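# Breakdown of the fold
For reference, the chains in residue letters:
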Amino acid sequence: AKQAQHELLDDAANEIILADDDEPVRYAFGECYYEVTKEQAEELLEEHKDKVAEEMSALEEDLSNVRNTLSDLKSKLYGRFGKNINLEE
């Protein structure tokens with residue numbers, strides 16, 4: 001979900017590049033929209049993208065820790081019970 005959100009923010013940044021410099025850009029904040037300049041919109045999007053990237057990084061680290069723990073537990077269980085158990089992948 002975070003990766004999809006990051007891709008949507010990339011798409012929005014690409015659309016802002018195509019916008020005119022003189023026209024205000026509508027920026028969504030929650031359920032509200034407000035108008036900002038093109039430069040402000042680019043800055044806000046970059047900040048939001050950075051925040052989402054940090055969240056993705058933290059989630060990937062947590063997922064890696066869980067996978068390592070799961071792998072360790074599986075090896076201990078197979079070591080103890082051998083082929084008498086069948087653990088799903």
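You'll find the structure just up there.
Here we come to the pairing of strand 1 (residues 25-29). In the sheet, strand 1 pairs with strand 2 (residues 32-36) via five bridges, with the strands oriented antiparallel. In the strand pairing of strand 2, F29 is matched with C32. From the end of strand 1 to the start of strand 2, which pair antiparallel, there are two residues, and G30 there has a positive phi angle of about 70°.

Before going further, it helps to spend a moment on the environment of N86. Residue position: N86 is located in the segment after helix 2 (38-81). Along the backbone, N86 and K74 are twelve residues apart, and their C-alpha atoms lie at a distance of 9.9 Å.

We now examine helix 1 (residues 2-18). Relative to the 24 Å expected for 17 residues at 1.5 Å per residue, helix 1 spans 25 Å between its end C-alpha atoms, a close match to the ideal helical length. Of all the positions in helix 1, only H6, L9, A13 and I16 are classed as buried. Down the axis, helix 1 shows its buried residues gathered within 75° of arc, on one side only. Turned more than 90 degrees from where helix 1 packs its buried face, Q3, L8, E15 and L18 sit exposed. The inward-facing, buried residues of helix 1 abut strand 1 and helix 2.

The next point concerns the layout of surface pockets. In this structure, the largest pocket occupies an estimated 350 Å³ of space. What lines the largest pocket is a set of 17 residues, among which L9, Y27, A28, L45 and H48 lie closest to the centre. Among the secondary structure elements, those contributing two or more residues to the lining of the largest pocket are helix 1, strand 1, strand 2 and helix 2. Residues that form the lining of the largest pocket fall into these classes: eleven nonpolar, three polar and three charged.

What follows is about a negative patch on the surface. A cluster of like negative charges, contributed by E39, E42, E43, E47, D50 and E54, occupies part of the molecular surface. On the secondary structure map, E42 appears in helix 2. With relative accessibility at 33%, the residue E42 sits in the partly exposed group.

Turning next to the side chain of K49. Summarising the element assignment, K49 is placed in helix 2. In contact with K49, other than residues within four places in its own chain, are H6, L9 and D10.

Cut-offs and rules
- Residues numbered from 1 in each chain as written.
- Predicted model: local features only at pLDDT ≥ 70, side-chain atom pairs only at ≥ 80, totals over all residues.
- Heavy atoms only, no water.
- Pairing = 2+ DSSP bridges.
- Helix = DSSP H or I, 4+ residues; strand = E, 2+ residues; numbered from the N terminus.
- Expected span 1.5 Å × (residues − 1).
- Buried < 20%, exposed > 50% of the residue type's maximum accessible area, 1.4 Å probe, protein only.
- Arc of directions from axis to C-beta.
- Contact = heavy atoms within 4.5 Å.
- 1 Å grid on protein atoms, 1.4 Å probe; cavity = no way out; pocket = protein on both sides within 12 Å on 5 of 7 lines; lining within 4 Å.
- Points joined across faces, edges and corners; volume = space filled by probe spheres on them.
- Nonpolar A, V, L, I, M, F, W, Y, C, P; charged D, E, K, R; others polar.
- Patch = residues over 30% accessible without salt bridge, like charges linked within 9 Å, V, L, I, M, F, W, Y side chains within 5 Å.
- Areas by Shrake-Rupley, 256 points an atom, 1.4 Å probe, with all protein chains shown as cover.
- Salt bridge = Lys/Arg side-chain N within 4 Å of Asp/Glu carboxyl O.
- Lys, Arg positive; Asp, Glu negative; His and termini not counted.
- Charge placed at Lys NZ, Arg CZ, Asp CG, Glu CD.

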